[in-house]
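What follows is each chain in one-letter form.
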Amino acid sequence: MTTRRLFLKSSGLAIFGVGAAPMWLARAADAPSARKKVLVAVFQRGAVDGLNVVVPFGEKNYYTLRPTIAIPAPKAGEESAIDLDGFFGLHPALAPLKPIYDAHKLAIVHAVGSPDPTRSHFDAQDYMESGTPGRKATTDGWLNRALPPSPGIRKSPVRAVSLGPSLARALRGQNEAVAINNLDEFKVSDADGASTFERMYASTLDKMLSGTGRETFDAAKLMQSIQAQTYTPADGAKYPGGRLGQSLMQIARLIKADVGLEVAFADVGGWDTHVNEVGQTPGVGQLANLLGNFGQALAAFYQDLGDRMEDVAVVTMSEFGRTARENGNRGTDHGHANVMFAFGGGIRGGKVYGDWPGLAPEQLYQNRDLALTTDFRDVLGELVAKHLGNRQLTGVFPEYTQPKFRGLIGV
Amino acid sequence: MRKLLAVSAVFLCLGASSPKLSKDEQIIHALNRLTFGPRPGDIEAVRRMGVKKWIDFQLHPERIAENPALAQKLAPLESLRLSQADTERTYPNPQMIRAIAAGRQPMPEDPVTRAAVERVIQRFKIKKDAADNRPLEPAVALNQLLTREQIRGLRTGTVEQKRAVIAAIPESQMDDVAIALPPGLRLQLLTAVEPALRRKLMLLTAPQQLVAFDLSEGKLYRAILSNRQLEEHMVDFWYNHFSVFLDKGADRYLVPTYEREAIRPHVLGKFRNLLGATAKSPAMLFFLDNWESVGPGTAQRRGNAKRPVRGLNENYARELMELHTLGVDGGYTQKDVTEVARCFTGWTIRLPRQGGDFFYNDRVHDKGEKTVLGVKIAAGGGQDDAEKVLDILARHPSTARFISKKLAQRFVADDPPQRLIDKMAKTFRDKNGDIREVMKAMLTSDEFFSQTAYRAKVKTPFEMIVSAVRATGAQVDFAFPLARQIANLGEPLYRKLEPTGYSDANSEWVNSAALLARMNFALALAQNKVPGSKLDASLFNGSPEEVARQVLFTDAQPETLAAIDKQVKSAKAPLVGLLLGSPDFQRR
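Since the structure is predicted, the reported quantities are computational estimates derived from the model, not experimental observations.

1. Quick notes on the overall build of chain B
Here is step 1 of the chain: Along chain B, the regular secondary structure elements total 32 helices and six strands.
Here is step 2 of the chain: A compact globule built from 588 residues would reach a C-alpha radius of gyration of about 25 Å, and chain B, at 27 Å, matches this within 12%.
Here is step 3 of the chain: Expressed as lengths along the three principal axes of its C-alpha atoms, the size of chain B is roughly 75 × 75 × 40 Å.
Here is step 4 of the chain: Burial analysis of chain B (588 residues in total) assigns 48% to the buried set.

2. Let's talk about the interface of chain B and chain A
Here is step 1 of the chain: In this complex, chain B contributes 47 residues to the contact, which on the side of chain A involves 42 residues.
Here is step 2 of the chain: Only α8 (111–128), α20 (315–324), α27 (480–488), α28 (506–509), α29 (512–526), α31 (558–563) and α32 (575–580) of chain B provide two or more residues apiece to the side of chain B that touches chain A.
Here is step 3 of the chain: Broken down by element, the side of chain B that touches chain A gets its largest block of residues, seven residues, from α29(B).

3. Here we look at unusual backbone geometry
Here is step 1 of the chain: Phi at A:Ala111 is positive, roughly 60 degrees, even though this residue is not glycine.
Here is step 2 of the chain: Residue position: A:Ala111 is located in strand β5 (residues 106–113).
Here is step 3 of the chain: Taking the number of C-beta atoms within 10 Å as the measure of exposure, A:Ala111 has 25 and is therefore buried.
Here is step 4 of the chain: Phi is positive for B:Leu373, which is not a glycine, with a value near 50 degrees.
Here is step 5 of the chain: Inspection of the secondary structure puts B:Leu373 in the loop between β3 (370–372) and β4 (375–377).

4. Things to note about the sheet that holds strand β4 (residues 89–90) of chain A
Here is step 1 of the chain: Spatial ordering of the open sheet is given by β2-β4-β3 (chain A), a layout of three strands whose pairing is antiparallel. Since the sheet does not close on itself, it has two edges, and those belong to β2 (54–55) and β3 (82–83) of chain A, each with one partner.

5. Observations concerning the packing of helix α2 (residues 23–34) of chain B against helix α3 (residues 42–49) of chain B
Residue and element names in this part refer to chain B.
Here is step 1 of the chain: Close contact between α2 and α3 brings their axes to 10 Å; oriented N to C, the two are set at 115 degrees. For the element pair α2 / α3, the angle class is roughly perpendicular. Here α2 runs over α3; the crossing is right-handed. Along the contact surface, α2 presents Ile27, Ile28, Ala30 and Leu31, while α3 presents Asp42, Ile43, Val46 and Arg47.
Here is step 2 of the chain: Partitioned by chemical class, the residues of the contact of α2 with α3 number six nonpolar, no polar and two charged.

6. Examining helix α24 (residues 418–430) of chain B
Residues and elements named next belong to chain B.
Here is step 1 of the chain: Taking 1.5 Å as the rise per residue, α24 with 13 residues should run 18 Å; its terminal C-alpha atoms sit 18 Å apart, in good agreement.
Here is step 2 of the chain: Of all the residues in α24, the buried ones are Leu420, Ile421, Met424, Ala425, Thr427 and Phe428. For α24, the arc enclosing every buried residue in end-on projection is 155 degrees, short of the 170-degree limit, so these residues lie on one face. Those residues of α24 that are exposed and aimed more than 90 degrees away from the buried face are Gln418 and Arg419.
Here is step 3 of the chain: Packed against the buried residues of α24 are α23 (397–411) and α25 (435–443).
Here is step 4 of the chain: Positive backbone phi, at 55 degrees, marks Asn432, one or two positions downstream of α24.

7. A few points about helix α6 (residues 121–130) of chain A
Residue and element names in this part refer to chain A.
Here is step 1 of the chain: Counting buried positions over the 10 residues of α6 gives nine, a clear majority of the element.
Here is step 2 of the chain: Buried-residue contacts for α6 involve α7 (142–145), β9 (312–318) and α12 (376–387).
Here is step 3 of the chain: Gly131 sits one or two positions beyond α6 and adopts a positive phi of about 80 degrees.

8. Thoughts on the domain arrangement of chain B
Here is step 1 of the chain: Once the domains are mapped, chain B shows domain 1 (78–211), domain 2 (226–300 + 310–395) and domain 3 (458–588).
Here is step 2 of the chain: Placing the centre of domain 1 of chain B and that of domain 3 of chain B at their C-alpha centroids yields a distance of 34 Å.

9. A closer look at the confidence of the model for chain A
Here is step 1 of the chain: Across chain A, the average pLDDT comes to 89, with 91% of residues at 70 or higher.
Here is step 2 of the chain: The low-confidence segment residues 1–24 of chain A, where pLDDT is below 50, has 24 contacts with residues more than four positions distant or belonging to other chains.

10. Let's talk about the environment of B:Phe448
Residues and elements named next belong to chain B.
Here is step 1 of the chain: Checked against the element boundaries, Phe448 lands in the loop between α25 and α26 (461–472).
Here is step 2 of the chain: Residues Phe448 and Arg264, 184 residues apart in the sequence, show an inter-C-alpha distance of 25 Å.
Here is step 3 of the chain: If we skip the residues at most four places from it in the chain, Phe448 touches Val412, Met442, Leu443 and Ala453.

What counts, and at which threshold
- In this numbering scheme, every chain counts its residues from 1 along its sequence in written order.
- Note on labels: chains are lettered from A, ligands numbered from 1, in written order.
- For a predicted model such as this one, the threshold for reporting local features is a pLDDT of at least 70, and the threshold for listing and counting side-chain atom pairs is 80 or more; totals across whole chains, interfaces and linings nevertheless cover every residue.
- Numbered from the N terminus, helices here are DSSP runs of H or I no shorter than four residues, and strands are runs of E no shorter than two.
- Throughout, radius of gyration means the C-alpha value; the globule benchmark is 2.2 Å times the number of residues raised to the power 0.38.
- To assign burial, the other C-beta atoms lying within 10 Å of each residue's own C-beta are counted, with C-beta atoms placed from the backbone; 20 or more indicates buried, 12 or fewer indicates exposed, and intermediate counts indicate partly exposed.
- Any pair of residues counts as being in contact when their C-beta atoms, constructed from backbone geometry, are within 7 Å of one another.
- Strand pairing is assigned whenever DSSP detects at least two bridges linking the two strands.
- Interaxial angle, 0 to 180 degrees, is taken between N-to-C directions of lines fitted to C-alpha atoms, where a helix line uses only the stretch in contact.
- Any angle that is under 35 degrees is reported as roughly parallel, and any over 145 degrees as roughly antiparallel; angles of 65 to 115 degrees are reported as roughly perpendicular and all others as oblique.
- Crossings are sorted by hand: turned counterclockwise from the far helix by less than a right angle, the near helix makes the crossing left-handed, and turned clockwise it makes it right-handed.
- Side-chain classes follow a simple rule in which Ala, Val, Leu, Ile, Met, Phe, Trp, Tyr, Cys and Pro form the nonpolar group, Asp, Glu, Lys and Arg form the charged group, and the remainder, Gly included, forms the polar group.
- By this rule the span expected of a helix is its residue count minus one, scaled by 1.5 Å.
- The directions considered for the arc are those from the helix axis to the C-beta atoms.
- What counts as a domain boundary in this text is fixed by an automatic or database domain assignment.
- A score between 0 and 100, pLDDT records how confident the predictor is in each residue.

Spelled out as structure tokens, the structure:
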């Protein structure tokens, strides 16, 4: 595999010669029609409590199971759920997402998740990122495998980007993927050093290092043009502080710079709310704070990208849901099925997708958790196939050959 | 030498069998593969002793006098020597702290540990009750302990000024000062203070993280300073082979004991002993879930009715065969996985979240007959069932091949010659899995000393950074910032999430972000911008050719030297930094 990759890289070098602009760069600059579709995956680490995120207020059992931490049904004041369809409502802290839902751009899938029964954060995150529940030895991630094959064309060095200090599990694999903590720091710390290193790596007989060296300096130069401008989000969009807002802002910067981004990954932690998930009133407390930041970050991204959002789809996920019953500490423990959001692109929003399994005791999974009716790969698979245009899903989810699309995207 | 490099490049491309290395090449090749990079003087020392004899010494670490400087560096890293239970008591995690807060565990006696615990309890209480958000008041406020000038010196002074302020504080007041420091300032001071005080400051900030600090620091000091370099390489190799992810729950406390007692004593011993030690280790039992695996129908619902009834867990059984012994194509079936899992039922941990030890629980063992890889294991074998499985696996020819190939990939080349693997596998079988003998067969082979193998490996991030420190003779007083750099380059120590461990393939380590990180580390080390490490820049004032020889211990490629503009002398890109970041330095 390595050999084939190296061959492609070196043949690219041979065609364009030292100093010539690589083809993908020329394309990106000259042909706006070659604008890539972009898929952004957001991981909520720690297992978010889906039942308090998208609240099944139409179901009485929800209130029986959660006597002190339930979100009240709509129209019970500011701290009640925001009605979506007469049965489900958004947590009040997610108000910034409601206009996107109303514009039919935000789709919600409920009772979705990984079929693997594990309640270990470690294992469940691993499975969701590898895209192979129950199989630990998978070395690459689904988002890396999701990249559409494009043989023969030199690919952008920032085609796949993971925001954060190390490459996310979901993005590891055969395709070149870059971890970027901060766009402004993606460079050799010193300009003289940079030019010397570039000459060294361009001229070395060491094929492997010269190939990657070229990619590295290509990417660094791209970043330089981005770094040169201070970034002002469009349309007055305000990204909140914290990891997710900053990550999404950098992704927006990359998308708008037209540097060939195709897939991006961002994550945000803190969702493991065993204790005091909900504060004195339903609209405050740990979960409300986290969701407030989460909603603002996603909404800012949507606003910032404006029309460009047509090319972009964002999908959110978390390793598993939480117990349907509240525990003795005004919190919830590790559960099973959860909720996912998808917005942007051609997504048919304004709807809560998925079969609702119900919350009656006999309807719960193992008598404790929301049961699963949609496999997370059905959602991701549909986005990969219809949005990214990679219809070879057996390569993306090798052990899941019959995904059931929910119709999130027309086509 | 330049000619030879060109010749070796041709052979690398063709993958043809190749002539032997010259004497000088043999020396640098052996040093590059058996150590974490040569130090000044190493080439001469190996030449004096003779390569063969030197390799034999490295294969017998017990015969090599250890570097006294290493013992000094390891002395403060207390958690590396503690038992599992003591580690947890000394560096309490949030659960333990909650237990102390609830009165179920005694308050620690050591004043600093106690202050650390009290702080976390206070923080926990603040979270619990939003109304109670009073900031924590230290017993004695900082401005009662230090003058305004002293506090300013700590906040904004140079490293030397900070050290002077600290030095002027009477010993009897030091604990109070450490406790009174605001968290941000405490972190800032870490690199300026002596190890003992540094530990106090870290303990007060995040007690449970000290264990991870100690592990990384210990690993780095050993790799940089130990005279028993091959032994350290083997510890790295086998830990990675039997990889355990440090941040999975209880493993935060179990890993130091795991490395010290299950891995280290066996790295050049019998494979069966190493396999057995890892199989029984609480760290592995927890990581791959075997501690929760019970025979069908043996689990009883106890107390907590919300907990689902447990059953057979196949994780360990599968990885044991796929990753630890036979290899994925080693000839086992799903049926074998289930049968092995049945044999291992009852191998569990006593109180896993409190640093418990191995414990065989006969009550949950599947007592029926099993068949593993065609071998019948009679009913009623109890704890011995799993021992029999380990015997079968350790003796299996697939294991001999799989382990031999993996060793050759680490020490010889990504795609080692089949002849070499066969020779090693035969030794493995003939010598009953004696790792030292297998290593000897490899390290004395023609394939090891071939042009094909010469410089064929890209350094892992750990190797790159340690070799840079060793080559430049940089003094390391605080190794943790180096561990951060290694993580930046893509290899967070003890934190490989997947049980596969890190790959030894060159392609794993060569990507854009990692390459940039390597260049930036090289420049930072050369400018003394890596906190805690210091090199003597005046040693590297020669010509590019001379400095290249100092850090590469051979001539640089002509292309590398040609890329260096002799007219430009940049303080931010000193020669030694450029050469540490060069393509030449990335290979070993």
